[in-house]
Amino acid sequence: MTISISIEQPRQADVEALLAAGTVFAYSLYPVENTFLLSTDELERPGVAVYVARDAHGAACGMAALVPLDSADTAELKRLFVHAEARGHGVAGRLLDRIEADAAGRGIRSLALETGTLQDAAVALYRRRGYEQIDLFGPYVGEELSLCFAKSL
């Protein structure tokens, strides 16, 4: 599968469709109060980079965001989602490759993320990619349905 990845604005119809699909997916697994999804407005904040994966026809098939944290050398990976039709073709791995390279190039030394306890495929992906489980941080502290991971870059 031919994939291109670029940093784009989140307020585009096909990117917002990805966000909506990711929201539906998250809400199918977890109560709304146990999800931590960034809105389009939050993805437009200064310093946030939204990465969009597009197929050979230019259709948005996956996305993720790099969000700065309080520490200048740490950022959080948010909203990683790949359309069901594009899963199994390495889209998530390609997004991670690009984000990790860009983050390291910006002086970020560590990427952190939160995922849910019911997302076995995501947990397996992160572990394969060198992410190690860490204590819950920030808004996830005390959340029994959350798992947090981090990777040194």
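Our subject is the structure that appears above.
Report on the accompanying structure. Bear in mind the structure is a predicted one, so any value in this text is a computation, not a measurement.

### Some points on the packing of aromatic side chains
The relative placement of two aromatic rings is captured by the distance of their centres and the angle of their planes.
Phase 1: For the coordinates displayed, the defined rule picks out five aromatic pairs.
Phase 2: On the basis of an interplanar angle of 85 degrees and a centroid distance of 5.2 Å, the ring pair of F137 and Y140 is categorised as edge-to-face. With respect to class, F137 is no different from Y140; both count as buried.
Phase 3: Within the aromatic cluster, the residues linked to one another by ring pairs are F36, F137 and Y140.
Phase 4: Geometry around F25 places R87 over its ring, the cationic atom sitting 5.4 Å from the centre.

### Quick look at the pattern of salt bridges
Phase 1: One pass over the structure, following the stated rule, counts nine salt bridges.
Phase 2: Where E16 meets R11, a salt bridge forms, and the shortest distance between an N and an O atom there is 3.8 Å.
Phase 3: Here D14 ties to R54 by a salt bridge, and the two come within 2.6 Å at their closest N and O atoms. Residue D14 is located in helix 1 (residues 13-29), and its partner R54 is located in strand 2 (residues 49-54); the two are separated by 40 residues in the primary sequence.
Phase 4: D14 gets classed as partly exposed once you look at its relative accessible area, which sits at 27%.
Phase 5: Assessed through its relative accessible area of 12%, R54 is described here as buried.
Phase 6: Look at the salt bridges and you will find they share partners, linking R11, E16, D41 and E44 into a network.

### A short note on a nonpolar patch on the surface
Phase 1: On the surface, Y27, V32 and L37 cluster together into a nonpolar patch covering about 250 Å² of accessible area.
Phase 2: Examined against the element boundaries, V32 turns out to sit in the loop between helix 1 and helix 2 (40-43).

### Digging into the sheet that holds strand 4 (residues 74-82)
Phase 1: Read across the open sheet, the seven strands follow the order 1-2-3-4-5-7-6; overall the sheet is mixed. Edge positions in the sheet fall to strand 1 (4-8) and strand 6 (132-134), since each has one partner strand and no second. When strand polarity is set aside, the average angle formed by the axes of neighbouring strands in this sheet is 30 degrees.
Phase 2: Pairing geometry for strand 3 (residues 60-68) and strand 4, over six bridges, is antiparallel. By the bridge assignment, A65 is partnered in strand 4 with K78.
Phase 3: The strands touched by helix 3 (residues 91-105) within the sheet are strand 1, strand 2, strand 3, strand 4, strand 5 (110-116) and strand 7 (146-152), with strand 3 carrying the most contacts at an inclination of about 30 degrees.

### Here we look at the environment of A103
Phase 1: Within the element layout of this structure, A103 appears in helix 3.
Phase 2: In this structure A103 comes out as buried when scored by relative accessible area, which is 0%.
Phase 3: Along the primary structure A103 and V67 are separated by 36 residues, whereas in three dimensions their C-alpha atoms are 10.0 Å apart.
Phase 4: Those residues in contact with A103 that lie beyond four places of it in its chain are L66, I108, L111 and L153.

### Things to note about the nonpolar core
Phase 1: Residues L66, V91 and Y126 are the most contacted members of the largest nonpolar core, which totals 28 residues.
Phase 2: When contributions to this core are tallied by element, the ones reaching two or more residues are strand 2, strand 3, strand 4, helix 3, strand 5, helix 4 (120-128) and strand 7.
Phase 3: By residue number, the principal contributor to this core is helix 3, which donates six residues.
Phase 4: Apart from residues no more than four positions distant in its own chain, Y126 is found in contact with L77, L80, L96, L113, T115 and Y131.
Phase 5: Grouped together as the second largest cluster of nonpolar side chains are 13 residues, V15, L19, V50 and V52 included.

### Thoughts on the side chain of E76
Phase 1: Within the fold, E76 resides in strand 4.
Phase 2: One buried charged residue, E76, forms no salt bridge at all, with the nearest opposite charge on K78 at 4.0 Å.
Phase 3: A polar contact of 2.4 Å, which involves the side chain of E76, links it to the side chain of Y140.
Phase 4: For E76, the contacting residues outside a window of four places in its chain are A65, L66, V67, L69, A112, L113, E114, F137 and Y140.

Criteria and cut-off values
- Residues numbered from 1 in each chain as written.
- Predicted model: local features only at pLDDT ≥ 70, side-chain atom pairs only at ≥ 80, totals over all residues.
- Heavy atoms only, no water.
- Phe/Tyr/Trp six-rings, centres within 6.5 Å; stacked < 30°, edge-to-face > 60°.
- Buried < 20%, exposed > 50% of the residue type's maximum accessible area, 1.4 Å probe, protein only.
- Lys NZ or Arg CZ within 6 Å of the ring centre and 35° of its normal.
- Salt bridge = Lys/Arg side-chain N within 4 Å of Asp/Glu carboxyl O.
- Helix = DSSP H or I, 4+ residues; strand = E, 2+ residues; numbered from the N terminus.
- Patch = residues over 30% accessible without salt bridge, like charges linked within 9 Å, V, L, I, M, F, W, Y side chains within 5 Å.
- Areas by Shrake-Rupley, 256 points an atom, 1.4 Å probe, with all protein chains shown as cover.
- Pairing = 2+ DSSP bridges.
- Axes fitted to C-alpha atoms, helices over the stretch in contact; angles between N-to-C directions.
- Contact = heavy atoms within 4.5 Å.
- Core = buried A, V, L, I, M, F, W, Y, C linked by side-chain atoms within 4.5 Å.
- Lys, Arg positive; Asp, Glu negative; His and termini not counted.
- Polar contact = N/O pair within 3.5 Å; in protein donor to acceptor, adjacent residues only side chain to side chain.

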